[in-house]
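Listed here are the chains, written in short residue letters.
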Amino acid sequence: LTGLISNILRLNKLENQQIFPEKTEYNLSEQLCECMLYFESEWEEKSLQIETDFDEDVTVYSDRDLMSIVWTNLISNAIKFSPDGGTIGVTLEKNIDDVVVSISDTGCGMDKKTLNHIFDKFYQGDTSHSVEGNGLGLALVKRVVDILGGEIDVESIPGEGSVFTVKFRN
C-alpha cells in the first residue's frame, strides 16, 4: 500500500506540476551499475544471467534522480518478468548526439494489445504479477522520459521477452 501511494503521489507530481529538471553532468555507467546492484539479491534468487555491454565512463548531462526512476523501474520489471535462469541484458551506447540504453529480458513478452497500453496508468498486461506491482511503474518511466525530452520504444515477442530502449539527446 505504501508503494502504491508513493507511486501515485510521484506520478501526480510529474503530471500536474511543472517540473524543472536539475541537470548536472554525471556518470551514467555508474548509475546503471548502481541500479543493477540494488536488485542483486532478486536476480541472484532467480539465478538470472546478467549481460552488460557499455563503457565505464559514459557521462551525460541530465537529472540524475529522474533518470534513476527510469532505470530502477525498467530493471525491476526485467527481473520480475524473467523466469528463473533467464537472462537480463543492459546496454549503453553513446553516440555523437545521443545516449541509448536498452534493457532486455527473456520473460513472458507482450502481445500487441498489451504493448498499446503499457504506459497507461494502472494497466497490467500480465495479471499473474499483479501482487508485485501496481501498474504505475511504466507510466512513471514514460512521464520522466517525456520531461527529459527523450524517447522510449518497446519491442516484445510473446514467450520470448522484451526490450525497452531509451534514447536521450546528449
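See the structure shown above.
Residues numbered from 1 in each chain as written. Predicted model: local features only at pLDDT ≥ 70, side-chain atom pairs only at ≥ 80, totals over all residues. Heavy atoms only, no water.

Caption draft 1: Main features of the overall build of the protein. Along the backbone of the protein there are six helices and seven strands. The secondary structure elements of the protein, listed N-terminal to C-terminal, are α-β-α-α-β-β-α-β-β-α-α-β-β. Buried residues in the protein amount to 42% of all 170 residues. When contacts within the protein are restricted to residue pairs at least 6 apart in sequence, those whose partners lie at least 24 apart make up 75%. When the accessible surface of the protein is summed, it comes to about 9700 Å², and 46% of that surface belongs to carbon and sulfur atoms. (Helix = DSSP H or I, 4+ residues; strand = E, 2+ residues; numbered from the N terminus. Buried < 20%, exposed > 50% of the residue type's maximum accessible area, 1.4 Å probe, protein only. Contact = heavy atoms within 4.5 Å. Areas by Shrake-Rupley, 256 points an atom, 1.4 Å probe, with all protein chains shown as cover.)

Caption draft 2: Structural view of unusual backbone geometry. At S47, a residue that is not glycine, the phi angle is positive and equals roughly 55°. Relative to the assigned elements, S47 resides in the loop between α3 (40-45) and β2 (49-53).

Caption draft 3: Region of interest: the pattern of salt bridges. Enumeration over the complete set of coordinates arrives at two salt bridges. Here E34 and R64 are joined by a salt bridge, their closest N and O atoms 3.1 Å apart. Note that E34 is positioned in helix α2 (residues 28-38) and R64 in helix α4 (residues 64-81), a separation of 30 residues in sequence. With a relative accessible area of 44%, E34 lands in the partly exposed category. K142 is the salt-bridge partner of D146, the closest N and O atoms lying 3.0 Å from each other. Residue D146 and its partner K142 are located together in helix α6 (residues 137-147), separated by four residues, close to a single helical turn. (Salt bridge = Lys/Arg side-chain N within 4 Å of Asp/Glu carboxyl O.)

Caption draft 4: Expanded view of the side chain of S29. By secondary structure assignment, the location of S29 is in helix α2. Not counting residues up to four positions away in its chain, the partners in contact with S29 are F54, D55, E56, D57, V58 and L92.

Caption draft 5: Expanded view of empty space enclosed by the protein. Counted according to the given criterion, the structure contains one cavity of 30 Å³ or more. Counting residues per element, the ones that place at least two in the lining of the largest cavity are α4 and β4 (87-94). When the residues that make up the lining of the largest cavity are grouped by side-chain class, the tally is seven nonpolar, no polar and no charged. (1 Å grid on protein atoms, 1.4 Å probe; cavity = no way out; pocket = protein on both sides within 12 Å on 5 of 7 lines; lining within 4 Å. Points joined across faces, edges and corners; volume = space filled by probe spheres on them. Nonpolar A, V, L, I, M, F, W, Y, C, P; charged D, E, K, R; others polar.)

Caption draft 6: Examining the environment of T165 more closely. In this structure, T165 sits in strand β7 (residues 161-169). Those residues in contact with T165, other than ones at most four positions away along the chain, are V100, V101, S102, E151, I152 and D153. Among the polar contacts made by the side chain of T165, one reaches the side chain of S102 at a distance of 3.1 Å. (Polar contact = N/O pair within 3.5 Å; in protein donor to acceptor, adjacent residues only side chain to side chain.)

Caption draft 7: Structural view of the packing of α2 against α4. Between α2 and α4, the least distance of the axes is 10 Å, while the angle of their chain directions is 45°. It follows that α2 is oblique to α4 by the angle criterion. Judged by the twist between their axes, the crossing of α2 over α4 is right-handed. Listed contacts from α4 to L28, Q31, L32, E34, C35 and M36 of α2 are R64, M67, S68, W71, T72 and I75. Residue classes in the contact of α2 with α4 are distributed as seven nonpolar, three polar and two charged. (Axes fitted to C-alpha atoms, helices over the stretch in contact; angles between N-to-C directions. Parallel < 35°, antiparallel > 145°, perpendicular 65-115°, else oblique. Left-handed = near helix turned anticlockwise from the far one by under 90°.)

Everything listed here is a matter of coordinates, which is why it stays silent on function.
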